[in-house]
Amino acid sequence: MTIEIRDASLEARIQKQLQATGSSSVEEALLRLLDTQDEQDRWLLENPDEINAKIRRGIAQLDRGEGVREDQLDAHLAKLKAQPE
């Protein structure tokens, strides 16, 4: 199979993925991406109760006024990213 990439931004994303993963070829990078997607899809299918519980918890928080205002969202996300895991 031959795949032709005509979109320069897509090609740049693929090149970035090659560098980020240390893949030796586009085929290897695509295989890694597909494996990752398969893993995510499988997790979503296997964990609907956990996902729905998190959604319900988020809705309840919003109902209590605990949400983050849109104008504060970037700062809030930056703060979360800076916290150690």
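Residues numbered from 1 in each chain as written. Predicted model: local features only at pLDDT ≥ 70, side-chain atom pairs only at ≥ 80, totals over all residues. Heavy atoms only, no water.

Novice: Just to check I follow, could you spell out the pattern of salt bridges for this structure?
Specialist: A side chain of one charge can pair with a side chain of the opposite charge when the charged atoms of the two come close. For the coordinates displayed, the defined rule picks out five salt bridges. Taking the shortest distance from any N to any O, the salt bridge between Glu-4 and Arg-6 comes out at 3.2 Å. Across this residue pair, the class does not change: Glu-4 and Arg-6 are exposed. Linking Glu-28 and Arg-32 is a salt bridge whose minimum nitrogen-to-oxygen distance equals 3.3 Å. Taken together, the residues Glu-28 and Arg-32, both in helix 2 (residues 26-46) and four residues apart, mark about one turn of the helix. The partly exposed category is assigned to Arg-32, whose relative accessible area is 38%. (Salt bridge = Lys/Arg side-chain N within 4 Å of Asp/Glu carboxyl O. Buried < 20%, exposed > 50% of the residue type's maximum accessible area, 1.4 Å probe, protein only. Helix = DSSP H or I, 4+ residues; strand = E, 2+ residues; numbered from the N terminus.)

Novice: So what exactly am I meant to see when it comes to the packing of helix 1 (residues 8-21) against helix 2 here?
Specialist: Two measures define how a pair of helices packs: the angle their axes make with one another and the distance between the axes. At their nearest, the axes of helix 1 and helix 2 sit 9 Å apart, and the two run at 80 degrees to each other. Between helix 1 and helix 2, the angle falls in the class roughly perpendicular. Note on element contacts: helix 2 touches helix 1 through Val-26, Ala-29, Arg-32 and Leu-33, opposite Ile-14, Gln-17, Leu-18 and Thr-21. Tallied by class, residues from the contact of helix 1 with helix 2 come to five nonpolar, two polar and one charged. (Axes fitted to C-alpha atoms, helices over the stretch in contact; angles between N-to-C directions. Parallel < 35°, antiparallel > 145°, perpendicular 65-115°, else oblique. Contact = heavy atoms within 4.5 Å. Nonpolar A, V, L, I, M, F, W, Y, C, P; charged D, E, K, R; others polar.)

Novice: Help me understand the side chain of Ser-23 in this model?
Specialist: Tracing the backbone through its elements, the reader meets Ser-23 in the loop between helix 1 and helix 2. Polar contacts involving the side chain of Ser-23 include one to the side chain of Thr-21, which spans 2.5 Å. Setting aside anything within four residues of it in sequence, one finds Ser-23 in contact with Leu-18, Glu-28, Ala-29 and Arg-32. (Polar contact = N/O pair within 3.5 Å; in protein donor to acceptor, adjacent residues only side chain to side chain.)

Novice: Looking at this model, I keep getting lost on the packing of helix 2 against helix 3 (residues 48-63). Mind explaining?
Specialist: Two elements in contact, helix 2 and helix 3, have axes separated by 5 Å at closest approach and are oriented at 80 degrees. Regarding the angle of helix 2 to helix 3, the classification is roughly perpendicular. Seen from helix 2, the contacting residues are Trp-43, Leu-44, Leu-45 and Glu-46; seen from helix 3, they are Pro-48, Glu-50 and Ile-51. Here the residues of the contact of helix 2 with helix 3 are counted per class, giving five nonpolar, no polar and two charged.

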